[in-house]
Amino acid sequence: MPQNKKRSCCSSFFLEKRCSVSGYDFKKIEDKWQKSWEESQPFSVDKNPKNPFYVLEMFPYPSGVLHVGHVRNYVLGDVLARFKKAQGFDVLHPMGWDAFGLPAENAAITHNTHPRTWTHANIQHMRKQFKRLGLGYDWSREFATCDESYFMHEQEMFIRFWKENLLVRKEGVVNWDPIDQTILANEQIENGRGWRSGALIEKKKMRQWFVRQSDFAEELLASIKDLDEWPAAVRTMQENWIGYSEGAIVRFSVKDRDSLEVFSTRPETLYGATFCAVSVEHPLAEEAASTHKDVADFITHTRAHPFDEQSDQATQEGVKLSFEACHPLTKELLPIYVVNYVLSDYGTGAIFACPAHDERDFAFAKRYNERIQQVIAPAQGEWSGEEALVVPRDDIGGTLIHSKELNGLSCASAFERVTETLIKQGLGAKQERYRLRDWCVSRQRYWGTPIPMILCDDCGEVPVPVEDLPVSLPQDIVFDGQGNPLDKHPTWKHVSCPQCAKPAVRDTDTLDTFFESCWYYLRFISQPKDRCFDPKEVEQFLPIDWYIGGVEHAVMHLLYVRLFMIMLVRAGYLKPIKTPIKRLLTQGMICHRTYRTKDKEWVEPKDVKKQADGTWALKDGTPVTEGASEKMSKSKKNVVDPDSIMEAYGVDALRMFVVSDAPPERHFDWSDTGLHGSWRFAKKLYAMMDEWRDDLTAEQPKQEMTQEFLVLMHKTIAAVTDDLEAMRLHLAIAHIRALFNAVTQSAAAGCMQNLWHGWRALLLLLDPFMPHLSAELREQCSVESSWPSYNKNYLVADMVTVAVQVNGKMRGTVEVALNAAEQDVLQEAQNIIARTIGNQPVRKVIFVMNRIVNVIV
RNA sequence: GCGGGUGUGGUGGAAUUGGUAGACACACUAGACUUAGGAUCUAGCGGCGGUUACGCCAUGGGGGUUCAAGUCCCUCCACCCGCACCA
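Here the structure is a predicted model, which is why all the values come from computation and not from measurement. (Residues numbered from 1 in each chain as written. Chains lettered and ligands numbered in written order. Predicted model: local features only at pLDDT ≥ 70, side-chain atom pairs only at ≥ 80, totals over all residues. Heavy atoms only, no water.)

*Asks:* Describe the overall build of chain A, naming the residues involved and giving the relevant values.
*Replies:* Helix and strand counts for chain A stand at 25 helices and 35 strands. Along the first, second and third principal axes, the C-alpha atoms of chain A reach 100 × 85 × 65 Å. Burial analysis of chain A (857 residues in total) assigns 53% to the buried set. If you take every contact in chain A between residues at least 6 apart in sequence, the share linking residues at least 24 apart comes to 71%. About 39,700 Å² of surface is accessible on chain A, with carbon and sulfur atoms providing 49% of the total. In chain A, 101 positive and 116 negative side-chain charges are present, and the distance between their average locations comes to 2 Å. (Helix = DSSP H or I, 4+ residues; strand = E, 2+ residues; numbered from the N terminus. Buried < 20%, exposed > 50% of the residue type's maximum accessible area, 1.4 Å probe, protein only. Contact = heavy atoms within 4.5 Å. Areas by Shrake-Rupley, 256 points an atom, 1.4 Å probe, with all protein chains shown as cover. Lys, Arg positive; Asp, Glu negative; His and termini not counted. Charge placed at Lys NZ, Arg CZ, Asp CG, Glu CD.)

Here it is, written out as structure tokens:
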């Protein structure tokens, strides 16, 4: 079990040494304050908040192992939550567990434990680690999605969604993962392989539950405009995923058969159509296969070896069918092929091919000697005919030719004209299409929310009566890794139909775990026993003010959350809302240097030391080469273990380090020396308290701060406040450190009034980052927790530095009074100017008050 | 290929949005204190030249606008991320 794992011994010399030097006993301080927070629960939030503020980090899967990526993610959120709380907001900052999913079940298979036992043990361990990190959560709201008290409400939602016709059970070609023995959503496949198992995905037909996601494509696309505080990258990823395109349906008649419907985004090239092509799933292809062996063989072959554009050998292939399509405008008869490069689940699964203006059709036509008919003339020059001439529709250059009534038109006008014609003659229609497909939510797995439906031979799909909820997971289950455990359970699925009372069976599938993560943020706000949430309470805290998590959830999770909100509104759970998530922060991953020996063996960075000649070697002298900084992974041996870091340097140093140096959304380079620097900073703070204890704990000094220091202090408070507001935590830290340096200098210079005030501001600014040390030091000099305020009047000194330029080149600076006039500044700068220009006449002077004076000669 | 992003010292990264490039750190160098330093303190730290004063060059490359460009415009290059038979 992961929680029994041995603490890795810290062979890095930094890790070995730290305790011996310094009175900064972080362990004692951390234990003291964590115990205090445990008792006082400072992060619980009022039921009737006056200034609600919702900070949420994507909840973790309880794998049982905390890694530094988690640390960064949750510290980011915690810094923000503590900051907003100090500002007086009623901050909701909850934590829970995304506890259903395959790893628990896989662990059950390999370790012979029950998924529930495994999951709960992991949660236990991770909760301890989270508390150790000093993360300020309202633990009273904690839940795991595998709790029956959570998923029972999800089952009720499922039934209500079904009644609202938001769900459908249908057969479709699904992706079968032969290792995990389950189907996967399209989004869960990467390059043809399962996202978890890496197995090659097979196609299989099954009856599944789908969320009618495609019905909401338009709404999901349009509402992206409301996500103006989301990263641009996430918005475009969602846009691409939804994949809008505008085109037309065109009907080609086929003798003695239903007409062949094709979808085209370029109907204006219809006169350039020289053949039609259908996918291997198309009815015409299937019919042909029953009588023609070559067609059947081609279909079988293509299913086994689908067209993959990425591969170098990808070639467009096909077999001519015995049918012919009648061109709707020219009435010409065109051959029909079944081909490998047409998708069955996009458009109508059939196209008209215009080889002159489409690369794929062009390649196919060349290979099978089909006619190539140019219908668009390029803006300049002639088409060589060596490769397809692809002209975007918005290109004003292209002009239609060889296209009868369309000749001379631009593509855009031709598009309008040809669709009008098709509509008039009943041969087609304009159509908008989306790539977005329905979301398959059935999983052939045990460890998930049971789908609360009963399948009756007579009545069809019948929901489990609400009073019979929850549908619980049976405990006595066999995990042998084969098939669906629920389906194989001897009794569980057998029930009588709630409608006709005849024997029936439960749906033995469980829900995709993305279902749970679609509404957990609502349950955090409000968790009544008898229903999913109280809409009034929920609406108080929505939308989430800041949502923090990994960019890998840009499409799936974050799109499903938006979809789910639309469904909740449709089903009457909530009032409409623009977006459930106001601001999104996608944090970058943590990287670490990699090292390899000359045998290409990865070695751990902590075992490597730089030699005098600048090369790297192991302690025994074995030379190693330094590689790039890469995402931490076990195989590359560049992971660091948060437990040993906390042990050696303390939580506050770790917390501060993971948010310093790099902007949160960018990747972060781990370095032992960087961590060491944060620890040194903590230690210096502690030492400062020791050294100046009498002055720091004394009454407020009578003397005023120096002007320079006063301005710096207020500027720092203003800057850190703005930085935190915008989640530029690395800059906040830079500003805090600058103030600390000034405080140190003031102390050394004997300016006790600067020290006294600056120290207090410092502790408050530092509190979100190093909460334990800050609390300890604040207690020692009686400083209450609150966010420091600044006075705008103090943000500018009464003297400013003005840059002096000659012909736009910097020649020096002068100190002048704030808002000094041009003449006074020139007066002050005359030496610098004279030195540079000699006695050349001045042609022009550019003066920007408090900034710059530029003399042109 | 399409879309998004990034490019600044030895390194991570700043720069009031057109106005003193390199804040804050890390690394490094020298010195101090030390039995010791991997602790701590002090100083230095973009490059070239000069004893200094100072000068020249520098924000991926090239061009432009401007009194003034890391920032605006044009163009080229490199890297990263996402999507990619979507008709």
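Next, the rest of the story.
*Asks:* Give me the pairing of strand 8 (residues 244-254): which residues, what numbers.
*Replies:* Two elements, strand 8 and strand 16 (residues 428-434), share seven bridges in a ladder whose sense is antiparallel. Within strand 16, the position partnered with Val250 by the bridge is Gly428. As defined by bridge partners, strand 8 adjoins strand 9 (residues 260-264) across five bridges and the pair is classed as antiparallel. Residue Val250 lies in a different strand from strand 9, and its bridge partner there is Val262. The loop that links strand 8 with its antiparallel partner strand 9 comprises five residues; one of these, Asp256, has a positive phi angle of about 65°. (Pairing = 2+ DSSP bridges.)

*Asks:* Just give me the short version of the sheet that holds strand 32 (residues 799-806), but keep the residues and values in it.
*Replies:* The four strands lie next to each other as 33-32-35-34, forming an open sheet whose pairing is mixed. In this open sheet, the two strands that pair with only one neighbour each are strand 33 (809-817) and strand 34 (844-848). This sheet shows a mean twist of 20° between the axes of neighbouring strands, independent of strand direction. In this structure, strand 32 lies alongside strand 35 (residues 852-856), joined through four bridges in parallel fashion. (Axes fitted to C-alpha atoms, helices over the stretch in contact; angles between N-to-C directions.)

*Asks:* Quick one: what's the story with the environment of Asn73, residue by residue and with numbers?
*Replies:* Examined against the element boundaries, Asn73 turns out to sit in helix 3 (residues 68-86). A sequence separation of 135 residues divides Asn73 from Gln208, and the C-alpha atoms of the two residues are 35 Å apart. From its side chain, Asn73 meets the backbone oxygen of Ile548 in a polar contact 3.5 Å long. (Polar contact = N/O pair within 3.5 Å; in protein donor to acceptor, adjacent residues only side chain to side chain.)

*Asks:* Which residues make up the environment of Ile736, and what values go with them?
*Replies:* Mapped onto the fold, Ile736 is located in helix 22 (residues 729-748). Measuring from C-alpha to C-alpha, the distance between Ile736 and Trp670 comes to 21 Å, with 66 residues separating the pair along the chain. Ignoring any residue separated from it by four or fewer positions in sequence, one finds Ile736 in contact with Phe681, Thr716, Val720, Leu762, Leu765, Leu766 and Phe769.

*Asks:* Mind laying out helix 12 (residues 411-424), listing which residues take part and the relevant values?
*Replies:* Compared with the 20 Å implied by 1.5 Å per residue over 14 residues, the 20 Å span of helix 12 between its first and last C-alpha is a close match. Of all the residues in helix 12, the buried ones are Cys411, Ala414, Phe415, Val418, Thr419, Thr421 and Leu422. The arc that holds the buried residues of helix 12, viewed along the axis, is 160°, so those residues lie on one side. Buried residues belonging to helix 12 abut strand 8, strand 14 (376-377), strand 15 (399-400) and strand 16. (Expected span 1.5 Å × (residues − 1). Arc of directions from axis to C-beta.)

*Asks:* So what about the domain arrangement of chain A? Which residues, and what values?
*Replies:* Domain annotation of chain A identifies domain 1 (166-213 + 438-510), domain 2 (244-434) and domain 3 (798-856). The straight-line distance from the C-alpha centre of domain 1 to that of domain 3 is 77 Å. (Domains from an automatic or database assignment.)

*Asks:* Before we move on, could you go through the sheet that holds strand 19 (residues 453-456) and cite the residues and values that matter?
*Replies:* Spatially, the four strands line up as an open sheet ordered 20-19-22-21, and their pairing is antiparallel. In this open sheet, the two edge strands, each paired with only one partner strand, are strand 20 (460-463) and strand 21 (494-496). Neighbour-to-neighbour, the strand axes of this sheet turn through a mean angle of 40°, independent of strand direction.

*Asks:* I'd love a proper account of helix 24 (residues 771-780), names of residues and values included.
*Replies:* Of all ten residues making up helix 24, eight are buried, and the element is well covered by its neighbours. Within helix 24 the residues assigned to the buried category are Pro771, His772, Leu773, Ser774, Ala775, Glu776, Leu777 and Arg778. Buried positions along helix 24 lie against helix 2 (26-40), helix 3, helix 18 (651-659), helix 19 (672-691) and helix 23 (752-766).

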